[in-house]
Amino acid sequence: MHTFKVLGYAAQWTAANSVLGSGEIGIELDTGFFKVGDGVSQWSSLAYSSSGVTGATGSQGMVGGATGMTGSAGGATGMTGSAGGATGSTGANGSAGTTGSTGANGSFGSTGSTGPATFGTWISAGTIQSVGWGATTTAPTVGTTRRNNISYRQLGPKEWEVALTYEVLTLGTLGSGDYLFTLPNSLQFDTTLPFQPAYTSNIGANTWALAGFIIPSGSGVINNGGVGGQVYPIVYDSNRYRILTTTYGTAVQCWSHNFYGLTSTCEMTFKFTST
């Protein structure tokens, strides 16, 4: 027969970690779980029992009453004894079964629409000559201008856009050679990319070979009041570029001291990838 030993809640059983005698039962009052001792193992080493404990056997009912005296026709039958003892209390519930496996994931919802692109704001770097206006031989000296600016903005982690604006009022000193313009903000071209390699040949030359080295995203116009054409940047080195002009019916040549010089108006924008 099992003997109940109730110490209290689960935390008290864990703290006491006592050894239950063989057949001795310990019940957790707050969980309803119980363990049956083996006389050797501590509480923490015993497994929870999975079935309820059988209640104690009720006491035996009283023996029937004494036989009545013999009457003339025999005494009356004695009274029947009382019923057996009350049924024992129901054992504690067994431990819960294991959780079933997780069901398969549902299908993914459709992708939302792409939000609008966000670009950086335009930042003025100052006049062209303050950023860097040189030449392959001798740098020019810029006179007075109505418009003279280089601005830039960031389009991505290494993507940039540059805008150059120049409009002359009074002539300065022309310098000598193809004009070289410096990138603003200490930016540098990634010249390892096939669409913006460095190219230093054909200085002062009128040749369509130059068109094979333009940055494809660049575009703009140039004129000196007499002739004009489209302009495109050509990378010269890590931070400088020339401006190729395709002048209608005249030449395909870079802007230089003897091709448009400083008596011109030029507007150009281009995008590039930095290092």
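Criteria and thresholds
- Residues numbered from 1 in each chain as written.
- Predicted model: local features only at pLDDT ≥ 70, side-chain atom pairs only at ≥ 80, totals over all residues.
- Heavy atoms only, no water.
- Helix = DSSP H or I, 4+ residues; strand = E, 2+ residues; numbered from the N terminus.
- Buried < 20%, exposed > 50% of the residue type's maximum accessible area, 1.4 Å probe, protein only.
- Pairing = 2+ DSSP bridges.
- Core = buried A, V, L, I, M, F, W, Y, C linked by side-chain atoms within 4.5 Å.
- Contact = heavy atoms within 4.5 Å.
- Salt bridge = Lys/Arg side-chain N within 4 Å of Asp/Glu carboxyl O.

**Considerations on unusual backbone geometry**
And step 1. Residues other than glycine seldom take positive phi values, yet Asn185 does so here, at roughly 60°.
And step 2. Here Asn185 is to be found in the loop between β8 (179-182) and β9 (219-223).
And step 3. A relative accessible area of 44% places Asn185 in the partly exposed class.
And step 4. The phi dihedral of Ser186 is positive, around 60°, even though this residue is not glycine.
And step 5. A relative accessible area of 72% means that Ser186 is categorised as exposed.

**A closer look at the pairing of strand β13 (residues 265-273)**
In the case of a regular strand, side chains alternate between the two sheet surfaces.
And step 1. In this structure, strand β7 (residues 159-168) lies alongside β13, joined through nine bridges in antiparallel fashion. For Val162, the partnering residue across the bridge sits in β13 and is Phe270.
And step 2. Bridging between β9 and β13 involves five bridges; their strand directions are antiparallel. By the bridge assignment for β13, Ile222 is matched with Cys266.

**Looking at the nonpolar core**
And step 1. Trp133, Phe181, Tyr241, Trp255, Phe270 and Phe272 are the most contacted members of the largest nonpolar core, which totals 32 residues.
And step 2. Top contributing element to this core by residue count: β7, with five residues.
And step 3. Excluding its chain neighbours within four sequence positions, the residues that come into contact with Phe181 are Ile128, Gly132, Trp133, Leu164, Asn239, Arg240, Tyr241, Ile243 and Trp255.
And step 4. Counting six residues, the second largest nonpolar core, distinct from the first, contains Leu210, Leu244, Val252 and Cys254.

**Focus: the pairing of strand β12 (residues 251-254)**
And step 1. Residues of β12 alternate between two faces, with Ala251 and Gln253 on one and Val252 and Cys254 on the opposite face, all of them buried.
And step 2. Of the strand pairs in this sheet, strand β11 (residues 240-247) and β12 are connected by four bridges, and their pairing is antiparallel. In the strand pairing of β12, Thr247 is matched with Ala251.

**Points about the pattern of salt bridges**
And step 1. A complete count under the given rule lists seven salt bridges for this structure.
And step 2. In this structure, Glu167 engages Arg147 in a salt bridge whose closest nitrogen and oxygen atoms are separated by 2.9 Å. Note that Glu167 is positioned in strand β7 and Arg147 in strand β6 (residues 145-154), a separation of 20 residues in sequence.
And step 3. Overall, the relative accessible area of 16% leaves Glu167 in the buried class.
And step 4. Residue Arg147 is classed as partly exposed on the basis of its relative accessible area, which comes to 33%.
And step 5. For Arg147, the salt bridge identified is with Glu267, shortest N-O distance 2.6 Å. With Arg147 in strand β6 and Glu267 in strand β13, the pair connects residues that are 120 residues apart, well separated along the chain.

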